[in-house]
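A closer look at the structure
Okay, here's what each chain looks like letter by letter:
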Amino acid sequence: MNNKGLILWLTGLSGSGKTTLAKEIERELKERGCSVELLDGDVVRTNLSKGLGFSREDRDTNIRRIGFVANLLSRNGVIVIAAVVSPYRAARDELRHTTDNFVEVYVNAPLEVCEMRDVKGLYAMARAGEIRAFTGIDDPYEEPLNPDIVCYTAAETVEESVAKVIMELQRREYITEKPQLEYVI
Ligand SMILES: Nc1ncnc2c1ncn2[C@@H]1O[C@H](COP(=O)(O)OS(=O)(=O)O)[C@@H](OP(=O)(O)O)[C@H]1O
Ligand SMILES: Nc1ncnc2c1ncn2[C@@H]1O[C@H](COP(=O)(O)OP(=O)(O)O)[C@@H](O)[C@H]1O
């Protein structure tokens, strides 16, 4: 076994880089022979959380469902990467206290940067009033007060952010160091 089970919880604004980082971290961990599952907010909302909206109540239900599944998997040795806006501190803190090996990663980019990226065009729609309760525009995002890792995606490259996460997982002994290639002459 190349890893222990854990929940790597990526929280941040829409467009902050959660999905991008989650996929790269997943790739890196799989390359090291780790057992990994990715739970992306967008994907979860098309099945496990289908029908839920973006009221505080629905968002909290979404987070609890993802946390429940993540905990089942991580208890069985899987590294679960959750990439979810999860804007409410109380919901994230609840997970920290009710699950094992919860590692919170704050994917931190200023709202202006996320809005400029506008990966899915949702910020423009929110500004135009076409969608309501959009996180950062007319709905809150409560920053983590004491995250385990912070990735500043407006200042770091994807590679730098991924390396930071991997190093921290190594330091906490969730994963082993990448085996060095040995050449026999
Ligand atoms: N009102 C509103 N607020 C925030 N986000 C919205 C909203 N409506 C749709 N979307 C899209 O849904 C994605 C967020 O879903 P999550 O499950 O991660 O949100 S939450 O944790 O339950 O708050 C989010 O995905 P990401 O952009 O990948 O973060 C958006 O694409
Ligand atoms: N250091 C970085 N980390 C993550 N994403 C970055 C970074 N620098 C630029 N980006 C870009 O920002 C966008 C983030 O989009 P996405 O990963 O879908 O965010 P989210 O899942 O948080 O909504 C992508 O277009 C990505 O290429």
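Every value quoted in this text rests on a predicted model; they were computed, and no experiment measured them. (Residues numbered from 1 in each chain as written. Chains lettered and ligands numbered in written order. Predicted model: local features only at pLDDT ≥ 70, side-chain atom pairs only at ≥ 80, totals over all residues. Heavy atoms only, no water.)

Moving on to the UniProt feature "domain: APS kinase" (unreviewed entry) in the chain. UniProt feature "domain: APS kinase" (unreviewed entry): in the numbering of this structure it lies at residues 4–151. As a span, residues 4–151 carries 41% helix and 18% strand, and end to end its C-alpha atoms are 22 Å apart. (UniProt positions renumbered as here; feature names shortened; annotations may be inferred. Helix = DSSP H or I, 4+ residues; strand = E, 2+ residues; numbered from the N terminus.)

Within the element layout of this structure, Q170 appears in helix α7 (residues 158–171). Here the alpha-carbon distance between Q170 and V44, two residues 126 residues apart in the chain, equals 28 Å. Contact partners of Q170, with chain neighbours within four places excluded, come to R32, I175, T176, E177 and K178. (Contact = heavy atoms within 4.5 Å.)

In the vicinity of ligand 2 there are 15 residues, among which G15, K18, T19, T20 and E156 approach most closely. Between ligand 2 and the protein, one listed contact pairs an oxygen atom with a backbone N or O atom of G15 at 2.7 Å. In this structure, V158 approaches ligand 2 through a main-chain N or O atom, which is 3.4 Å from a nitrogen atom. For ligand 2, whose accessible area on its own is 570 Å², the fraction buried by protein is 76%. (Near = heavy atom within 4 Å. Polar contact = N/O pair within 3.5 Å; in protein donor to acceptor, adjacent residues only side chain to side chain. Areas by Shrake-Rupley, 256 points an atom, 1.4 Å probe, with all protein chains shown as cover.)

Surveying the vicinity of ligand 1 reveals 20 residues, the closest of which are S14, R45, R59, S86 and A133. Take R59: an N or O atom from its side chain is 2.7 Å from an oxygen atom of ligand 1. In isolation ligand 1 offers 630 Å² of accessible surface; the protein chains occlude 91% of this area. Top contributing element to the shell around ligand 1 by residue count: helix α3 (residues 56–75), with three residues. Taken together, the residues of the shell around ligand 1 sort by class into eight nonpolar, six polar and six charged. (Nonpolar A, V, L, I, M, F, W, Y, C, P; charged D, E, K, R; others polar.)

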